[in-house]
Amino acid sequence: MEKTIAVLPGDGIGPEVTRAAVKVLKLIARRYQHEFNFSYGLIGGAAIDALDNPFPKETADACKTADAVLLGAVGGPKWDNNPSELRPEKGLLAIRKHFGLFANLRPVKAVPALLASSPLKEEKAAGVDLMIVRELTGGLYFGEKARTADDAYDTLVYSREEISRIVEQAFELARVRRGKVTSVDKANVLESSRLWREVVEEKKAAYPDVTVEHQLVDSCAMKLITDPSAFDVVVTENMFGDILSDEASVITGSLGMLPSASIRTDGFGLYEPVHGSGPDIAGKGIANPAAAILSAAMMLRYSFGMETEAAAIEEAVQTVLEDGCRTADLAEAEGRSLTTEEWTDKVIEQLDAEA
Ligand code: NAI
Ligand code: MG
């Protein structure tokens, strides 16, 4: 297959980890006879420095002609005091909004070799394999808001259509995973949650192979800690999803391992590590590229339908970690750690060996 991938390295360790992910993608193209074309664009602080705009038109155009987007990370102390329209994170909000990327996917999967770094007991973290599906373009963060000197309000608005498309996305994902959807809301208090629940109930008829449960957001927050392996796909409103996805992400105990995707129904998507630009380690060549590499694997799976290739990358990452190869963030005190490039080459060697 021929695919065009827009690469937006961004700031700090963003360029270092996206370089690693591109290297892996190039190997996949060679191994599996695909043609991947890469086009590059500026975003975040890098784009502000060059063009006074965190999401310039050139970048939007490069993404528009691509089949998917791979992003590093944006931000850093250099731009912390900029006015709000010249803030790097504006670039992220702008790209999601510009392309209507309404579904944010955050998988959290326990890595057997890294269980000791989980804040949970190893036996609790061991079986975790869940996916938070967060609605990303509506809800509380986008509703009408206002304030006066002494009052302020935000509004949580969802249309039936907005709920339907995110819920369908969750059902489709559950179907190819373990067949379970947990829909999270606050239906005992919020009217928007009652509509949400109603839509989930209507939709489930079309997915007889998927089990559905409804859970209130507060009890879900508890259960993510007490029984995280009970979850498969969790689907929820924008703000609930923001909070729950950060909560779930610490289960694995390693920020450098977590990928994410923001997609829409036609297959176009934005893939990026969950971590930020790591200003404290930027430029040292020691960042863990796993999250970026696993984000590239998600791109293959969700935007290109290349399940075999995606699974091969995920397996290679697991194997390399089981073999004890670690970047500095994961290395044990006495062990030598690998640089970003050395670790990436281990993954590439492993992929070569598997194929
Ligand atoms: P951060 O994720 O950049 O760093 C938190 C800690 O984790 C740091 O000690 C960092 O060195 C470490 N870390 C992160 N990724 C790593 C990796 N791949 N390998 C090894 N260590 C890693 O979050 P922080 O420090 O809160 O924010 C730094 C900057 O990044 C800020 O400007 C923030 O706005 C931005 N940011 C951007 C995000 C994005 O682009 N999606 C998300 C989060 C923060
Ligand atoms: Mg968050």
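Quick caveat: nothing in here was measured; it's all calculated off a predicted structure. (Residues numbered from 1 in each chain as written. Chains lettered and ligands numbered in written order. Predicted model: local features only at pLDDT ≥ 70, side-chain atom pairs only at ≥ 80, totals over all residues.)

1. Focus on the overall build of the protein chain
Turning to step 1, where the next piece is worked out: Helix and strand content of the protein chain: 12 helices and 12 strands.
Turning to step 2, where the next piece is worked out: Taking 2.2 N^0.38 as the reference for a compact globule, 355 residues should give roughly 20 Å; the C-alpha atoms of the protein chain span a radius of gyration of 20 Å, in line with that estimate.
Turning to step 3, where the next piece is worked out: Viewed in the frame of its principal axes, the protein chain has a C-alpha envelope of about 55 × 50 × 45 Å.
Turning to step 4, where the next piece is worked out: Buried residues in the protein chain amount to 46% of all 355 residues.
Turning to step 5, where the next piece is worked out: Sequence separation of 24 or more characterises 75% of the internal contacts of the protein chain that already satisfy a separation of 6 or more. (Helix = DSSP H or I, 4+ residues; strand = E, 2+ residues; numbered from the N terminus. Rg over C-alpha atoms; globule rule 2.2 N^0.38 Å. Buried ≥ 20, exposed ≤ 12 C-beta atoms within 10 Å, placed from the backbone. Contact = placed C-beta atoms within 7 Å.)

2. With respect to the UniProt feature "binding site: Mg(2+)" (unreviewed entry) in the protein chain
Turning to step 1, where the next piece is worked out: The UniProt entry lists Asp 218, Asp 242 and Asp 246 under the feature "binding site: Mg(2+)" (unreviewed entry), expressed in the numbering used here. A stretch of 29 residues holds the annotated residues, and the largest C-alpha distance among them is 14.5 Å, short enough that they meet in one place.
Turning to step 2, where the next piece is worked out: With respect to the element layout, Asp 218 can be found in helix H8 (residues 217-226).
Turning to step 3, where the next piece is worked out: Residue position: Asp 242 is located in helix H9 (residues 238-249).
Turning to step 4, where the next piece is worked out: The class of Asp 242 is partly exposed, set by 18 C-beta atoms lying within 10 Å. (UniProt positions renumbered as here; feature names shortened; annotations may be inferred.)

3. Observations concerning the packing of helix H1 (residues 14-31) against helix H10 (residues 290-302)
A packed helix pair is summarised by two numbers, namely the angle formed by the two axes and the spacing between the axes.
Turning to step 1, where the next piece is worked out: For the pair H1 and H10, interaxial distance at closest approach is 8 Å and the crossing angle is 45 degrees. If you check the angle between H1 and H10, you find them oblique. Of the two possible hands of crossing, H1 and H10 adopt the one that is right-handed. Facing Val 17, Thr 18, Ala 20, Ala 21, Val 24 and Leu 25 of H1, the residues of H10 in contact are Ala 292, Ile 293, Ser 295 and Ala 296.
Turning to step 2, where the next piece is worked out: Considered class by class, the residues forming the contact of H1 with H10 number eight nonpolar, two polar and no charged. (Axes fitted to C-alpha atoms, helices over the stretch in contact; angles between N-to-C directions. Parallel < 35°, antiparallel > 145°, perpendicular 65-115°, else oblique. Left-handed = near helix turned anticlockwise from the far one by under 90°. Nonpolar A, V, L, I, M, F, W, Y, C, P; charged D, E, K, R; others polar.)

4. With respect to the environment of Ala 73
Turning to step 1, where the next piece is worked out: Looking at the secondary structure, you find Ala 73 in strand E3 (residues 68-73).
Turning to step 2, where the next piece is worked out: Ala 73 gets classed as buried once you count the C-beta atoms within 10 Å, which come to 32.
Turning to step 3, where the next piece is worked out: For the pair Ala 73 and Phe 99, spaced 26 residues apart in sequence, the C-alpha separation works out to 18 Å.

5. Some remarks on the packing of H10 against helix H11 (residues 307-322)
Turning to step 1, where the next piece is worked out: Interaxial distance between H10 and H11 falls to 7 Å at its minimum, and their mutual angle equals 160 degrees. Taken together, the axes of H10 and H11 lie roughly antiparallel to each other. Judged by the sense of rotation from one axis to the other, the crossing of H10 with H11 is left-handed. In contact with Ala 290, Ile 293, Leu 294, Ala 296, Ala 297, Met 298, Leu 300 and Arg 301 of H10, H11 contributes Glu 307, Glu 309, Ala 310, Ile 313, Glu 314 and Val 317.
Turning to step 2, where the next piece is worked out: Per-class residue counts for the contact of H10 with H11 are 10 nonpolar, no polar and four charged.

6. Observations concerning the domain arrangement of the protein chain
Turning to step 1, where the next piece is worked out: Here the domain parsing of the protein chain yields domain 1 (1-102 + 256-355) and domain 2 (119-252).
Turning to step 2, where the next piece is worked out: Summarising the inter-unit geometry, the C-alpha centres of domain 1 and domain 2 are found 25 Å apart.
Turning to step 3, where the next piece is worked out: Listed per partner, the contact involves 10 residues of domain 1 and seven residues of domain 2.
Turning to step 4, where the next piece is worked out: Broken down by class, the residue content of the side of domain 1 that touches domain 2 amounts to five nonpolar, three polar and two charged. (Domains from an automatic or database assignment.)

7. Section: the confidence of the model for the protein chain
Turning to step 1, where the next piece is worked out: Summary statistics for the protein chain give a mean pLDDT of 96 and a share of 99% for residues scoring 70 or more.
Turning to step 2, where the next piece is worked out: With pTM at 0.95, the complex prediction returns an ipTM value of 0.98. (pLDDT = per-residue confidence, 0-100.)

8. Things to note about the site of ligand 1
Turning to step 1, where the next piece is worked out: Near ligand 1 lie 22 residues; those nearest to it are Gly 75, Gly 256, His 275, Gly 276 and Asn 288.
Turning to step 2, where the next piece is worked out: For the shell around ligand 1, the class distribution of residues is 10 nonpolar, eight polar and four charged. (Near = placed C-beta within 6 Å.)

9. A look at the nonpolar core
Turning to step 1, where the next piece is worked out: Val 133, Ile 293 and Ala 296 are the most contacted members of the largest nonpolar core, which totals 100 residues.
Turning to step 2, where the next piece is worked out: Among the elements that make up this core, the one with the highest residue count is H10 (11 residues).
Turning to step 3, where the next piece is worked out: Two domains share this core, each providing at least three of its residues, namely domain 1 (1-102 + 256-355) and domain 2 (119-252).
Turning to step 4, where the next piece is worked out: Sequence-distant contacts of Val 133, defined by excluding residues within four places in its chain, comprise Ala 103, Leu 105, Ile 166, Gln 169, Ala 170, Leu 173, Val 233, Val 234 and Val 235. (Core = buried A, V, L, I, M, F, W, Y, C linked by C-beta atoms within 7 Å.)

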